[in-house]
Amino acid sequence: MEQLQNNLKEVERRIEQACIRSGRKREEVTLIAVSKTKPISMIETVYKEGIFEFGENKVQELCEKAACLPERIHWHMIGHLQRNKVKQVIQKACLIHSVDSIRLAEQIEQEAKKLGKEVFILIEVNIAQEETKYGISPIEVQEFIQKVAIMPHIRIKGLMTSAPYVANPEENREYFKNLSQLYIDIQKKNIDNVNMEILSMGMTNDYEIAIEEGATHVRVGTGIFGERFYQIKKEDEVNV
Ligand SMILES: *Cc1c(COP(=O)(O)O)cnc(C)c1O
């Protein structure tokens, strides 16, 4: 498993460099290790290196892994969430990055109320307005937030995006800049029940650029765990 440790060191080195380039403190950026499709043994190795934040994109997989790994781990739900899985996921995930509809927010509110708990969420923004992607259109985000902010069992913590897959990550810089600006604009409005403190953007291909543009959380899968191998099941690939 030495490969994993080396990968992690390299990611850590690059995060530090990106922080230095942009005059930010290393503590301002949280690394989420995206462990989807990867086995428990690999997660344990990464955990032992001191990583406690892990991301999964499927509720069942997240819950199964959470059940057999240390409680100390924080699980982030980063994939598209179906309403019938809300009840399950809010009991295990520390943060849902992918809230992308009012109906989903309403379902979270309803289930959170039943459990008597508060659920932390991010609003997923389709920053490049890609047809194939989930997320609220940037121009609709403020209105969306107003509607969700009044739900008493939901705490809006920030924004999330997945930028387009591009050959040169510099191409995503303007998208990250735009989301960062939107995040700051909303922050300044001081809306009740809304705390803009998490800006979740940047994946293996572009996390350094995302950090330079203000990301507080980067979601790195391949860069830590290596390539993912999917079984031939089309639906699995939608969220890659
Ligand atoms: C898979 C996934 C990632 C990690 O992607 P890599 O390119 O492997 O780093 C990040 N965010 C989301 C939403 C994902 O589904």
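What this report covers is the structure whose coordinates are included nearby. (Residues numbered from 1 in each chain as written. Predicted model: local features only at pLDDT ≥ 70, side-chain atom pairs only at ≥ 80, totals over all residues. Heavy atoms only, no water.)

## Some details on the overall build of the chain
- Along the chain, the regular secondary structure elements total 10 helices and eight strands.
- Taken over the C-alpha trace, the chain has a radius of gyration of 17 Å; the compact-globule value for 240 residues is 18 Å, and the two agree within 12%.
- For the chain, the spread of C-alpha atoms along the three principal axes comes to 50 × 40 × 35 Å.
- Across the chain, the fraction of contacts at a sequence separation of at least 24, relative to all contacts at a separation of at least 6, is 58%.
- When the accessible surface of the chain is split by element, carbon and sulfur atoms take 48% of a total near 12100 Å². (Helix = DSSP H or I, 4+ residues; strand = E, 2+ residues; numbered from the N terminus. Rg over C-alpha atoms; globule rule 2.2 N^0.38 Å. Contact = heavy atoms within 4.5 Å. Areas by Shrake-Rupley, 256 points an atom, 1.4 Å probe, with all protein chains shown as cover.)

## A look at the pattern of salt bridges
- One pass over the full model with this rule turns up 17 salt bridges.
- Taken together, the salt bridges that share partners define one network made up of Arg21, Glu170, Arg173, Lys177, Glu212 and Glu213. (Salt bridge = Lys/Arg side-chain N within 4 Å of Asp/Glu carboxyl O.)

## Details of the site of the ligand
- Close to the ligand lie 13 residues, the nearest being Lys36, Thr204, Gly221, Thr222 and Arg228.
- At 2.6 Å, a side-chain N or O of Lys36 approaches an oxygen atom of the ligand.
- Within the contact set of the ligand, an oxygen atom lies 2.5 Å away from a side-chain nitrogen or oxygen of Thr222.
- In the complex, 93% of the free accessible area of the ligand, which totals 390 Å², lies under the protein chains.
- For the shell around the ligand, a count of residues per class yields five nonpolar, five polar and three charged. (Near = heavy atom within 4 Å. Polar contact = N/O pair within 3.5 Å; in protein donor to acceptor, adjacent residues only side chain to side chain. Nonpolar A, V, L, I, M, F, W, Y, C, P; charged D, E, K, R; others polar.)

## Overview of helix 2 (residues 40-48)
- Within helix 2, the full set of buried residues consists of Met42, Ile43, Thr45, Val46 and Tyr47.
- Of the surrounding elements, those touching the buried residues of helix 2 are helix 1 (2-21), strand 1 (30-34), strand 2 (53-56), helix 3 (59-67), strand 3 (74-77) and helix 9 (222-225).
- Directly after helix 2, the chain includes Gly50, whose backbone phi takes a positive value near 100 degrees. (Buried < 20%, exposed > 50% of the residue type's maximum accessible area, 1.4 Å probe, protein only.)

## Focus: the environment of Ala167
- The topology assignment puts Ala167 in the loop between strand 6 (154-160) and helix 7 (173-188).
- A residue is classified by how much of its surface remains accessible, and Ala167, at 77% relative accessible area, is exposed.
- Considered as a pair, Ala167 and Asn205 are 38 residues apart in the sequence and their alpha carbons are 8.5 Å apart.

## Description of the packing of helix 6 (residues 141-149) against helix 7
- Packing of helix 6 against helix 7 brings their axes to within 11 Å, and their N-to-C directions diverge by 45 degrees. Between helix 6 and helix 7, the angle falls in the class oblique. Handedness of the helix 6/helix 7 crossing: right-handed. Residues Val141, Gln142 and Ile145 of helix 6 lie in contact with helix 7, whose contacting residues are Leu182, Asp185 and Ile186.
- Its residues assigned to classes, the contact of helix 6 with helix 7 shows four nonpolar, one polar and one charged. (Axes fitted to C-alpha atoms, helices over the stretch in contact; angles between N-to-C directions. Parallel < 35°, antiparallel > 145°, perpendicular 65-115°, else oblique. Left-handed = near helix turned anticlockwise from the far one by under 90°.)

## Section: the state of the cysteines
- Scanning the entire structure with this criterion turns up zero disulfides.
- Cys68 forms no disulfide, and the closest cysteine sulfur to it belongs to Cys63, at a distance of 11 Å.
- Taking relative accessible area as the criterion, Cys68 reaches 46% and is therefore assigned partly exposed. (Disulfide = S-S within 2.5 Å.)

## Considerations on unusual backbone geometry
- Its identity is not glycine, yet Gln129 carries a phi of approximately 50 degrees, on the positive side.
- Among the structural elements, Gln129 can be located in the loop between strand 5 (119-124) and helix 6.
- The residue Asn190 is not glycine, and still its phi comes out positive at about 45 degrees.
- Structurally, the position occupied by Asn190 is in the loop between helix 7 and strand 7 (194-200).
- Note on Asn190: relative accessible area 64%, which makes it exposed.

## Notes on the environment of Thr161
- Note that Thr161 resides in the loop between strand 6 and helix 7.
- The exposure class assigned to Thr161 is buried, which follows from its relative accessible area of 0%.
- Each C-alpha atom, one on Thr161 and one on Asn126, is 6.3 Å from the other, the two residues being 35 residues apart in sequence.
- Those residues in contact with Thr161 that sit more than four places away from it in its chain are Val125, Ile127, Phe176, Leu179, Ser200, Met201 and Arg219.
- Of note is the side chain of Thr161, whose polar atom sits 2.5 Å from the backbone oxygen of Val125.

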